[in-house]
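Architecture and fold: a report
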Amino acid sequence: MSTGLPAAPAADPDFTPDDAAFMQRALELARSGEALGEVPVGAVVVANGVVIGTGFNAPVSRHDPTAHAEVLALRDAATRAGNYRLEGATVYVTLEPCTMCVGALVHARVARVVFAASEPKAGSLQSARRQLESGYYNHVFAWQGGLLAEAAGDMLSAFFRRRRAEQKGQGVAATAAATTALATATGAASEAAGDGGSPPPPLA
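Keep in mind that what you see is a predicted model, and the values were worked out from it rather than measured. (Residues numbered from 1 in each chain as written. Predicted model: local features only at pLDDT ≥ 70, side-chain atom pairs only at ≥ 80, totals over all residues. Heavy atoms only, no water.)

1. Overview of the pairing of strand E3 (residues 90–95)
Both faces of the sheet carry side chains from a regular strand, because those side chains alternate between them. Within E3, six of the six residues are buried, leaving the element largely enclosed by the surrounding structure. Direction of pairing for strand E1 (residues 42–47) relative to E3: antiparallel, over a ladder of four bridges. Along E3, the bridge assignment pairs Val 46 with Thr 90. The pairing of E3 with strand E4 (residues 112–117) spans five bridges and is parallel. The residue of E4 that forms the bridge with Tyr 92 is Val 114. For the crossover from E3 across helix H4 (residues 99–107) to E4, the handedness is right-handed. (Buried < 20%, exposed > 50% of the residue type's maximum accessible area, 1.4 Å probe, protein only. Helix = DSSP H or I, 4+ residues; strand = E, 2+ residues; numbered from the N terminus. Pairing = 2+ DSSP bridges. Right-handed = clockwise from strand over helix to strand, strands pointing away.)

Here it is, written out as structure tokens:
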């Protein structure tokens, strides 16, 4: 039931073995997304100790800007439960939720959110903004951050390092191709100019 009060991190900073196990599952899902070229973020929805929804980032592969891990996990859980309200559920996600996902979690009426790595640029629970403290939501949830944060952060950092290296490699290849094309065009132009300067053959 909604208290109408702003949510805050759970008083007990420790996590249970079940928390760790569910976050490990979310990390596995993040790797599945990474294999498809997506930013590696995974999420699971748990109710009564059972996973009822899973998802990983898929906006690129699904051509869907809303296909964040949390949103897809909520959709999956709601479909299985036959109800868009997931009261009492806990969501485990490998990256601090963004503004859109916090809104979706509020609408789903989840009880608790546990995330791994913080998101300094877009995190909307504690980092870039504290969205639940706005005072205009009719439901708020408890949340905790930092569970397996290093594993999630390392996965994200490695992904972006590889992507930057790939983009740099593509840039070098494109430059080399352009240089080769220019050299070929210049050579062809020089040959054409030389042929054009030759005197015509004598008349018979």
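2. Details of the sheet that holds E1
The five strands are arranged E2-E1-E3-E4-E5 in an open sheet whose pairing can be described as mixed. Edge strands, defined here as strands with exactly one partner in the open sheet, are strand E2 (50–56) and strand E5 (142–145). Here the strands of the sheet are splayed against their neighbours by 15 degrees on average, with no regard to which way each runs. With four bridges connecting them, E4 and E5 associate as parallel partners. Of the residues in E5, the one forming a bridge with Arg 112 is Ala 142. Helix H1 (residues 17–35) contacts E1, E2, E3 and E4 of the sheet and is inclined by roughly 145 degrees relative to E1. Running over the sheet, helix H3 (residues 69–81) touches E1, E2 and E3 and is turned about 140 degrees from E2. (Axes fitted to C-alpha atoms, helices over the stretch in contact; angles between N-to-C directions. Contact = heavy atoms within 4.5 Å.)

3. Some remarks on the packing of aromatic side chains
Within this structure, the stated rule accounts for four aromatic pairs. Judged by centre distance (5.4 Å) and plane angle (40 degrees), the ring pair of Phe 22 and Tyr 92 falls under tilted. Taken as a pair, Phe 22 in helix H1 and Tyr 92 in strand E3 lie far apart in primary sequence, 70 residues in all. What makes Phe 22 buried here is its relative accessible area of 14%. An angle of 25 degrees between the planes, with centres 6.0 Å apart, marks the rings of Phe 115 and Trp 143 as stacked. Taken together, the positions of Phe 115 in strand E4 and Trp 143 in strand E5 put the pair 28 residues apart, joining distant regions of the chain. In this pair, the class of Phe 115 matches that of Trp 143, namely buried. (Phe/Tyr/Trp six-rings, centres within 6.5 Å; stacked < 30°, edge-to-face > 60°.)

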